[in-house]
Each structure stands twice: as structure tokens, then as C-alpha cells.
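Now for the letters of each chain:
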Amino acid sequence: MLIITRQKISDIAGQCGFNSFSQFNRVFNKLSGMSPSAFRKHQASSSPSSTLLSY
């Protein structure tokens, strides 16, 4: 969802079942090695032709 939508990361965290953004951020960072926002920026810069959807 981070790659294909422009939804707020806090909204995505809630949709994924996390009670708080900070909890989502900790788990995401532990699994991926970067924050959700850094991941989103990295993905956007590595594939400039990708289109983000506005949900």
C-alpha cells in the first residue's frame, strides 16, 4: 500500500491492524531496515514511472 497509494502512513497502519503509527513504524523498520516514509521515497525514486493512486 505504501507504494501504490498516497494515503497517509498512519491510515495505512490502522488498515493493517496496528493500534498506533509508532507501533507500525517500529515493526516496519525492524523488518525492512527503514521507516515507512523512507521506504516510500526510496521506491518512488527507484521507479520513476510508477504511478501513485489517490485513495
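All of these numbers come straight from a predicted model, not from anything done at the bench. (Residues numbered from 1 in each chain as written. Predicted model: local features only at pLDDT ≥ 70, side-chain atom pairs only at ≥ 80, totals over all residues. Heavy atoms only, no water.)

**What to know about the nonpolar core**
Counting seven residues, the largest nonpolar core consists of Leu 2, Ile 9, Ile 12, Ala 13, Phe 24, Phe 28 and Phe 39. When residues of this core are traced back to their parent elements, those giving at least two are helix 1 (9-15) and helix 2 (21-32). Residue contributions to this core peak at three residues, all from helix 1. Excluding residues within four positions of it along the chain, Phe 24 makes contact with Ile 9, Ala 13, Phe 18 and Pro 36. (Core = buried A, V, L, I, M, F, W, Y, C linked by side-chain atoms within 4.5 Å. Buried < 20%, exposed > 50% of the residue type's maximum accessible area, 1.4 Å probe, protein only. Helix = DSSP H or I, 4+ residues; strand = E, 2+ residues; numbered from the N terminus. Contact = heavy atoms within 4.5 Å.)

**Some thoughts on the environment of Ser 22**
Among the structural elements, Ser 22 can be located in helix 2. For Ser 22, a relative accessible area of 39% corresponds to the partly exposed category. It is 8.8 Å that separates the C-alpha atoms of Ser 22 and Ser 10, two residues lying 12 residues apart in sequence.

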